[in-house]
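If you want the building blocks of each chain, they are given just below.
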Amino acid sequence: MDVDTGVDDALALLLALASPEVELVGVSTVTGNVPLPRTTDNTLRLLQWAGRADIPVYAGAERPLVREAVAAAAVHGATGLGAAQLPEARTAPAGDGVEFLLRTLQTRPGDMLLVATGPLTNLARAEARVPGVLQRARQVVIMGGAVGVPGNIAPTAEFNFYADPHAAHQVLASAAELVLVGLDATEQVGLASATLRACTGAYAAFCQAACQPVIAFESAHYEFAGLHLHDPVALGAALWPQLFRTQRLWVDVETAGDLTAGQVVVDQRPLASDQDRLGRPVACAVDVDQTRFLALFTERVLTP
Ligand code: RIB
Ligand code: CA
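Fair warning: this is a prediction, and the values are worked out from it, not measured in the lab. (Residues numbered from 1 in each chain as written. Chains lettered and ligands numbered in written order. Predicted model: local features only at pLDDT ≥ 70, side-chain atom pairs only at ≥ 80, totals over all residues. Heavy atoms only, no water.)

**Student:** Describe the coordination of the calcium ion (ligand 2), and please don't skip the residues or the numbers.
**Tutor:** Angles between donor atoms at a metal ideally measure 109.5 degrees for a four-coordinate tetrahedral arrangement and either 90 or 180 degrees for a six-coordinate octahedral one. For the calcium ion (ligand 2), the protein coordination sphere consists of D4 (OD), D9 (OD), D9 (OD), T117 (O) and D231 (OD), at 2.2 to 2.6 Å. Sequence positions of the residues that donate to the calcium ion (ligand 2) give the spacing D-x4-D-x107-T-x113-D. Of this pair, D9 sits in helix 1 (residues 7-17) while D231 sits in helix 11 (residues 230-239), placing them 222 residues apart in sequence. Taking relative accessible area as the criterion, D231 reaches 2% and is therefore assigned buried. (Donors = N, O, S within 2.8 Å, 3.2 Å for Na, K, Ca; no water. Helix = DSSP H or I, 4+ residues; strand = E, 2+ residues; numbered from the N terminus. Buried < 20%, exposed > 50% of the residue type's maximum accessible area, 1.4 Å probe, protein only.)

Right under this line is the structure:
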């Protein structure tokens, strides 16, 4: 997994740890919700607290490819983990995040599932260093973009793609086996604060504390008393594809627009030949069985 831990990244990591379908071989971190030192420290603390300090964490890109870093501390809190307090990490990062991605994809071609839940800077850097390396993943599942729905951090842009639009453009242009899980799907899955409050599992107290500022933000801005599970839904698309409906769309990402940087541009013109289309065809998640997803997430993360 490649993360910018952040609250929903943490929830996705806990879902990965609680899911027998996957072996989490390592985590690379990137600047996103909060700067890299914090996303890295948050990830080290979370894995240690969950009893999985054996899973190595690799620190990746400090800043986006071109643009200045933006952060989302207003949503995730100053630390990036809301009001949660986890013990200090006793381990340090195991190495460089981009090198981890390159090494893992090159030594286990066709075997790895790469799930990216932050800005795509590390993936773009890996692809630039070894062109075609992302194709060695069995699948690259990305939480990012907004295809047929408005953005969140900007009218037409979702945060991860807004934070590093050049990286998003380069990754979507790679020939990797991509699944794009944008706000179209993730905003269909809301965890109500009442449901979260009622949970009593080992992770519940952490989740309740971590989610506080996200719920406050969503309540104030979207009048939803809860939070949308963006990153867990992206992992869900990798674990349980049967819960998702995707559409094969020709997409590219705007990198220069003052108002539109990070926008996913879809070419749906009634052209005679696809050869004339913008971008390339990508499987975009457009629907998810939110009831079954929430049941699985609650069972695995909030109640055990
Ligand atoms: O737009 C939602 C995405 O941006 C999530 O991955 C969240 O963690 C932030 O990174
Ligand atoms: Ca994230």
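**Student:** Before we move on, could you go through the site of ligand 1 and cite the residues and values that matter?
**Tutor:** Every one of the 13 residues lining ligand 1 counts as a neighbour, but D8, T117, N152, E158 and D231 are closest to it. Take D8: an N or O atom from its side chain is 2.5 Å from an oxygen atom of ligand 1. At 2.9 Å, a backbone N or O of T117 approaches an oxygen atom of ligand 1. Protein contact buries 97% of the 270 Å² of open area that ligand 1 shows by itself. At the level of secondary structure, the elements contributing two or more residues to the shell around ligand 1 comprise helix 1, helix 6 (159-163) and helix 11. (Near = heavy atom within 4 Å. Polar contact = N/O pair within 3.5 Å; in protein donor to acceptor, adjacent residues only side chain to side chain. Areas by Shrake-Rupley, 256 points an atom, 1.4 Å probe, with all protein chains shown as cover.)

**Student:** So, the side chain of T39: which residues are in play, and what are the values?
**Tutor:** Within the secondary structure, T39 sits in helix 2 (residues 36-49). Exposure remark for T39: the relative accessible area of 0% places this residue in the buried category. At 3.1 Å, the side chain of T39 forms a polar contact with the backbone oxygen of V30. A distance of 3.0 Å separates a polar atom in the side chain of T39 from the backbone oxygen of L36. Not counting the four nearest positions on each side in its chain, T39 is found in contact with D4, T5, T29, V30, T31, G32 and V34. (Contact = heavy atoms within 4.5 Å.)

**Student:** Before we move on, can you summarise the environment of Q268 with the specific residues and values?
**Tutor:** The topology assignment puts Q268 in the loop between strand 11 (264-266) and strand 12 (280-288). Judged by relative accessible area, which is 59%, Q268 ranks as exposed. When the C-alpha atoms of Q268 and L278 are compared, they prove to be 9.4 Å apart, with ten residues separating the residues in sequence. Setting aside residues up to four positions removed in sequence, Q268 forms contacts with L249 and R277.

**Student:** Please give an account of the nonpolar core that cites residues and values.
**Tutor:** One finds V181, F206, C207, L229, F293 and F297 to be the most contacted residues of the largest nonpolar core, which totals 65 residues. Considering each element in turn, this core owes the most residues, nine residues, to helix 1. The residues contacting C207, other than those within four sequence positions of it, are L11, L14, L196, V301 and L302. By size, the runner-up hydrophobic cluster in this structure holds 33 residues, among which are V98, L101, L172 and V264. (Core = buried A, V, L, I, M, F, W, Y, C linked by side-chain atoms within 4.5 Å.)

**Student:** Hey, could you go over the environment of I55 for me, with residue numbers and the actual values?
**Tutor:** Structurally, I55 is set in the loop between helix 2 and strand 3 (57-59). For I55, a relative accessible area of 4% gives the class buried. Along the chain, I55 and V25 lie 30 residues apart, while their C-alpha atoms are 6.4 Å from each other.

**Student:** I'd like to hear about the pattern of salt bridges, residue by residue, with values.
**Tutor:** This structure, assessed with the given rule, holds nine salt bridges. In this structure, D287 engages R245 in a salt bridge whose closest nitrogen and oxygen atoms are separated by 3.9 Å. Here R245 lies in strand 10 (residues 244-253) and D287 lies in strand 12, a separation of 42 residues in the sequence. Under the relative-accessibility criterion, D287 is labelled partly exposed at 31%. Close ionic contact of D267 with R269 constitutes a salt bridge, the shortest N to O distance being 2.6 Å. (Salt bridge = Lys/Arg side-chain N within 4 Å of Asp/Glu carboxyl O.)

**Student:** Can you break down helix 1 residue by residue, with the values?
**Tutor:** A large share of helix 1 lies buried, amounting to eleven of its eleven residues. Within the sequence span of helix 1, burial applies to V7, D8, D9, A10, L11, A12, L13, L14, L15, A16 and L17.

**Student:** Describe the pairing of strand 6 (residues 139-143), listing the residues and the values that go with them.
**Tutor:** Among the five residues in strand 6, four count as buried, and that is most of the element. Taken together, the four bridges between strand 5 (residues 113-116) and strand 6 define a ladder with parallel strand orientation. Bridging from a neighbouring strand, L113 pairs with Q139 of strand 6. A crossover connection joins strand 5 to the parallel strand 6 through helix 5 (residues 121-129); in handedness this β-α-β unit is right-handed. (Pairing = 2+ DSSP bridges. Right-handed = clockwise from strand over helix to strand, strands pointing away.)

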